[in-house]
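# Descriptive structure summary
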Amino acid sequence: MSQHFTDFPATDEWQDIAAGAAYAGVINQTVTIQNKGIRRALVWFGGAAAPADAGAGAYLSINDAISGTSDHIWVKGRGALAIWKED
């Protein structure tokens, strides 16, 4: 069974999901992120700092999802991102 987290409120600036105490359980785990917002979202797995390129990462349209593993998970967009840890 997977572990679900509270939806992450993405903004137009890069944010590291793994840096938040509420999401500490995603660090170095296989995580799936789904875009529930009405605009695109970007996801970048890895790196201690946000990507230098504003358009870097995987592009997620509405309802798209991506999985990956890292100690830093950078996201940006506008709206809710569903976050869950796989078993």
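Preceding this paragraph is the structure being described.
Parameters and conventions
Residue numbers here run from 1 along each chain, matching the order of that chain's written sequence. Totals for whole chains, interfaces and linings use every residue, but because this is a predicted model, local features are given only for residues with pLDDT of at least 70 and side-chain atom pairs only at 80 or more, for both listing and counting. Only hydrogens and water are removed before side-chain values are computed, so all heavy atoms of the structure are retained for them. Helix and strand assignments follow DSSP, with helices taken as H or I runs no shorter than four residues and strands as E runs no shorter than two, numbered in order from the N terminus. Burial status follows relative accessibility: with a 1.4 Å probe on protein chains alone, a residue under 20% of its type maximum counts as buried, one over 50% as exposed, and anything between as partly exposed. Pairs of N or O atoms are called polar contacts if they sit within 3.5 Å, as long as, within protein, a hydrogen donor faces a hydrogen acceptor (for residues adjacent in sequence, only side-chain-to-side-chain pairs). Residue contacts follow a heavy-atom distance rule, with two residues in contact if any of their heavy atoms lie within 4.5 Å.

### Some details on the side chain of S70
Its location among the elements puts S70 in the loop between β6 (65-69) and β7 (73-76). Taking the relative accessible area as the measure of exposure, S70 reaches 7% and is therefore buried. Among the polar contacts made by the side chain of S70, one reaches the main-chain amide nitrogen of G46 at a distance of 3.2 Å. Not counting chain neighbours up to four residues away, the residues in contact with S70 comprise V26, I27, N28, Q29, F45 and G46.

### Describing unusual backbone geometry
A negative phi angle characterises most non-glycine residues, just as the trans form characterises most peptide bonds. Residues other than glycine seldom take positive phi values, yet N28 does so here, at roughly 55°. Mapped onto the fold, N28 is located in the loop between β2 (15-16) and β3 (30-35). With a phi angle near 70°, N63 is a residue other than glycine that sits in the positive phi range. Counting through the fold element by element, N63 comes out in the loop between β5 (58-60) and β6.

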